[in-house]
Amino acid sequence: MSENLLNDYRYFSPVESIRKYAREIYNSVKDLPIISPHGHVDPALLSGNKPFPNPTQLFIIPDHYLYRMLYSQGIPMESLGIPAIDGSKVETDARKIWQIFADNYYLFNGTPSGAWLSYEFRIVFGIKEKLNKSNAQKFYDLLHEKINSPEFLPRTLFEKFNIEVLTTTDAASDDLAHHKIIKKSGWKGRVIPCFRPDAVTDLSNKNWKANLKLLGQSVKYEITSYKLFIKALEERRQFFKSNGATSTDHGVFSPYSHELSKKEVKEIFNRALKNRATAKDAKLFTAHMLMAMARMSTDDGLVMQLHPGAFRNHNPLIFEKFGLDKGCDIPMQTEYTFNLKELLNKYGNNPNFTLIVFTLDETTYSRELAPLAGHYPSMKLGPAWWFYDSIEGMTRYRRMVTETAGFYNTVGFNDDTRAFVSIPARHDLARRIDANYLGELVAKHSITLDEAFQIAKDLSYNLAKRAYKL
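Keep in mind the model is a prediction, meaning the values are calculated, not measured.

Student: Could you clarify how one ought to interpret the overall build of the protein in this entry?
Tutor: Scanning the protein from terminus to terminus reveals 20 helices and 11 strands. In terms of overall size, the protein behaves like a compact globule, its C-alpha atoms giving a radius of gyration of 23 Å where 470 residues would be expected to give roughly 23 Å. Once the C-alpha set of the protein is aligned to its principal axes, its extents read approximately 70 × 60 × 45 Å. Relative to all contacts within the protein whose residues are 6 or more apart in sequence, the contacts with residues 24 or more apart total 77%. Total accessible area on the protein is roughly 20,200 Å²; 53% of this is exposed by carbon and sulfur atoms. Side-chain charges of the protein comprise 61 positive and 53 negative groups, with the mean position of each set lying 4 Å from the other.

See below:
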């Protein structure tokens, strides 16, 4: 059985001078508290504080990074126990699913998932062996025993991981019941919501009318006009703020921003109510709502996050059978300079506004996003995200944005994860990659070691805390 030994110098440069500095810089930040300002952990996990059901439910079922890779090798989603929305049968034997995962664990060599899992198994759970097909069931038993002990309850792990604040992502109509339970429980862990209105601002969503009805139920009046729609969104934002929220999140197809006239937006909204909205209507309405949300953020102070550039549900076979967020979203070419011009011209100079922009189009880092963030006071550049929060992806990000935007027009790291126990692994990897990049700058005499220590602390902790008003 191979041992899962994690080298203290992992992911650092093999060049000795860089490696030495990287280790020193990393050691100065490795124990800092975790700020997790954007992610998708279910708050029910922490409100209930119950043991995780089994290793399969903990590691595989919520993590589309994992089953995406397995599916790419021809392994059916049904065999992995991914719940089907069409009612078809899927594998329910957790041990069988785990065995498939272990049989194919080699697929994750060289990937960020492989780096995270190594940390989780070795550091979080203390298992020295590396998972493979022959030790799969022994591994399962060890994990199952641990997750059923008090030391591995969600809230205990939250504290063990040294998480200072964890932000979830919640629909505009959400009652935030789990957040209220957490707050009333007396537990000191800070878990806050984030306002995500995509379900009601995207007219192309086939469930838009149903989502609008849910929004109406949350504010206790029927939304029959655009004026009432805006009123409801403003009220919900205040409700989220009263429950600790500091940010909003907008996962749009395109960052196109454009303010419509009152007459135009009213007509589009009325057509949508009658199920007559066109694709052009939907594009214009989303562009207008980005402007409306920016205006609201200048009023209420909520930080606005913009996540464009994902062609979601690219594989209709998987989407129709298993639903949203099942690993078949694909990055796409995205333009920012023209698309964000109207929004930035109106709000980008406003000291009451913060816009954090993420991208899945790496080619825009140095050409568009770093120059935009390096000019507009209200705009900050989100970290390498989703497909790119990897060893090489985070390194490319620093190389492509730092000379133009500097370090201080970025916002540190966020883990963007649904897999709770991967949080410390993801932050540790990010801290290592940043330490290595800074170590290279020190070795080249671009910055001093003392400057590197300060920048590393800011990237690991201070920038996220400041940008997200935490």
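Back to the write-up after that little detour.
Student: Before we go on, may I ask you to explain helix α20 (residues 449-467) in this structure?
Tutor: Along an α-helix, residues three or four positions apart point the same way, because every turn accommodates 3.6 residues. Under the 1.5 Å per step criterion, the end-to-end length of α20 is 25 Å for 19 residues, consistent within 8% with the ideal 27 Å. Of all the bends in α20, the greatest measures close to 55° and is centred on Leu459. Within the span of α20, buried status applies to Ala452, Ile455, Ala456, Asp458, Leu459, Ser460, Tyr461, Asn462, Leu463, Ala464 and Ala467. After α20 finishes, the residue Lys469 shows a positive phi value of roughly 55°.

Student: Just checking my understanding: could you explain the pattern of salt bridges for this structure?
Tutor: A side chain of one charge can pair with a side chain of the opposite charge if their charged atoms are brought near each other. Per the counting criterion, the structure on display carries 26 salt bridges. The shortest N-O distance in the salt bridge between Arg312 and Asp329 comes to 3.8 Å. Of this pair, Arg312 sits in the loop between β8 (310-311) and α15 (316-322) while Asp329 sits in the loop between α15 and β9 (330-331), and the two are 17 residues apart along the sequence. Residues Asp325 and Arg418 are paired through a salt bridge, measuring 3.2 Å at the closest nitrogen-oxygen approach. Of the two residues, Asp325 is situated in the loop between α15 and β9 and Arg418 in the loop between α18 (391-405) and α19 (423-443); the sequence distance between them amounts to 93 residues. When its relative accessible area of 28% is taken as the criterion, Asp325 is described as partly exposed. With a relative accessible area of 29%, Arg418 lands in the partly exposed category. Because the salt bridges share partners, they merge into one network encompassing Arg10, Asp428 and Arg432.

Student: Help me understand the nonpolar core in this model?
Tutor: It is characteristic of soluble globular proteins that their nonpolar side chains tend to be buried jointly. Of all hydrophobic cores here, the largest spans 150 residues; its most connected members are Trp98, Phe101, Phe229 and Phe420. Filtering out sequence-adjacent residues up to four positions away, Trp98 remains in contact with Pro55, Thr56, Phe59, Ile60, Phe121, Leu131, Ala136, Phe139, Tyr140 and Leu143.

Student: Whenever I open this one, the pairing of strand β6 (residues 247-250) confuses me. Can you help?
Tutor: Regular strands show a simple pattern: their side chains alternate between the two faces of the sheet. Of the two faces of β6, the one lined by Ser247 and Asp249 and the one lined by Thr248 and His250 are each fully buried. The pairing of β6 with strand β7 (residues 303-306) spans 4 bridges and is classified as parallel. What sits directly across from His250, in β7, is Leu306.

Student: Would you explain the sheet that holds strand β2 (residues 163-167) in this entry?
Tutor: As a general point, the strands of a sheet are linked pairwise by backbone hydrogen bonds and lie either parallel or antiparallel. An order of β1-β2-β4 is seen for the 3 strands of this open sheet, with the pairing classed as parallel. In this open sheet, the two strands that pair with only one neighbour each are β1 (34-36) and β4 (191-192). The pairing of β1 with β2 spans 3 bridges and is parallel. Each bridged residue has a counterpart across the sheet, and for Ile35 the counterpart in β2 is Val165. Against the sheet, α19 engages β1 and β2, with an angle of about 105° to β1.

Student: Is there a simple way to explain helix α7 (residues 136-147) in this structure?
Tutor: Here α7 spans 16 Å end to end across 12 residues, near enough to the 16 Å set by a 1.5 Å rise per residue. Taken together, the buried positions of α7 are Ala136, Phe139, Tyr140, Leu143 and Ile147. Seen from one end, α7 has its buried residues packed into an arc of 100°, which puts them on one side. Considering only its buried residues, α7 is in contact with α3 (55-59), α5 (94-103) and α6 (112-124).

Student: Would you explain the environment of Asp281 in this entry?
Tutor: Looking at the secondary structure, you find Asp281 in helix α14 (residues 279-300). For Asp281, a relative accessible area of 6% translates into the label buried. In sequence terms Asp281 and Arg271 are 10 residues apart; their C-alpha atoms lie 8.8 Å from each other. Not counting the four nearest positions on each side in its chain, Asp281 is found in contact with Leu203, Ile268, Arg271 and Arg276.

Student: Would you explain the packing of aromatic side chains in this entry?
Tutor: Geometry of an aromatic ring pair is reported as the spacing of the ring centres plus the angle between the planes. Applying the stated criterion across every chain yields a total of 32 aromatic pairs. Here the aromatic rings of Tyr226 and Phe285 are separated by 6.4 Å at their centres, their planes lie at 80°, and the arrangement is edge-to-face. Of this pair, Tyr226 sits in helix α12 (residues 226-242) while Phe285 sits in helix α14, and the two are 59 residues apart along the sequence. No difference in accessibility class separates Tyr226 from Phe285, as the two residues are buried. When the centroid spacing of 6.2 Å and the interplanar angle of 75° are considered together, the rings of Phe239 and Phe240 count as edge-to-face. The ring of Tyr9 carries Arg23 above its face, with NZ or CZ at 4.8 Å from the centroid. One Lys or Arg, Arg426, reaches over the ring of Trp116 and ends 3.8 Å from the middle of that ring.

Student: What's the story with the packing of α18 against α19 in this structure? I'm lost.
Tutor: Packed helices, taken two at a time, are described by the angle their axes make and the gap between the axes. Where α18 meets α19, the closest approach of the two axes is 10 Å, and the angle between their N-to-C directions is 45°. With respect to α19, the element α18 is oriented oblique. In this structure, α18 meets α19 at a crossing whose hand is right-handed. Where α18 abuts α19, its residues Ile391, Met394, Thr395, Arg398, Arg399 and Thr402 lie against Leu429, Ala430, Ile433, Asp434, Tyr437 and Glu440. Grouping the constituent residues of the contact of α18 with α19 by class yields 6 nonpolar, 2 polar and 4 charged.

About the cut-offs
By convention here, each chain's residues receive numbers from 1 onward along its written sequence. Reporting of local features is limited, given that this is a predicted model, to residues whose pLDDT is at least 70; pairs of side-chain atoms are given and counted only at 80 or more, and all residues count toward the totals for whole chains, interfaces and linings. Calculated side-chain values reflect all of the structure's heavy atoms, with hydrogen atoms and water omitted. Runs of E in the DSSP output that reach at least two residues are strands. Runs of H or I that reach at least four are helices, and both are numbered from the N terminus. With C-alpha atoms as the basis for the radius of gyration, the globule rule is written as 2.2 Å multiplied by the number of residues raised to the power 0.38. Here, residues are in contact when the closest pair of their heavy atoms is within 4.5 Å. Per-residue and other accessible areas follow the Shrake-Rupley method at a 1.4 Å probe size, with only the shown protein chains counted as cover for residues. The positive count covers Lys and Arg only, the negative count covers Asp and Glu only, and His and the chain ends enter neither. By convention, the point assigned to a charge is CZ for Arg, NZ for Lys, CD for Glu and CG for Asp. One less than the residue count of a helix, multiplied by 1.5 Å, gives the span that helix is expected to have. A residue's bend is simply the angle between two axes: one fitted to the seven residues ending at it, one to the seven starting at it. Burial classes follow relative accessibility: with a 1.4 Å probe on protein chains only, a residue under 20% of its type's maximum area counts as buried, one over 50% as exposed, and anything between as partly exposed. Whenever a carboxyl oxygen of Asp or Glu lies within 4 Å of a side-chain nitrogen of Lys or Arg, that contact is scored as a salt bridge. Nine residue types can take part in a nonpolar core, namely buried Ala, Val, Leu, Ile, Met, Phe, Trp, Tyr and Cys, and a core is a set of them joined through side-chain atoms within 4.5 Å. Criterion used throughout: strands pair if DSSP finds at least two bridges between them. Lines fitted to C-alpha atoms define the axes, with helix axes restricted to the stretch in contact, and inter-axis angles between N-to-C directions lie between 0 and 180 degrees. What the arc describes is the spread of directions from the helix axis to the C-beta atoms. Each pair of aromatic rings taken from Phe, Tyr and Trp, with Trp reduced to its six-membered ring, is defined by centres within 6.5 Å and is described as stacked if the planes are under 30 degrees apart, edge-to-face if over 60, and tilted in the remaining cases. Whether a charge sits over a ring depends on NZ of Lys or CZ of Arg being within 6 Å of the ring centre and within 35 degrees of the ring normal. An angle below 35 degrees is treated as roughly parallel, one above 145 as roughly antiparallel, one from 65 to 115 as roughly perpendicular, and anything else as oblique. Here a crossing is taken to be left-handed if its near helix is turned anticlockwise relative to the far helix by less than a right angle, and right-handed if that turn runs clockwise. Three residue categories are used. Nonpolar comprises Ala, Val, Leu, Ile, Met, Phe, Trp, Tyr, Cys and Pro, charged comprises Asp, Glu, Lys and Arg, and polar comprises the others, including Gly.

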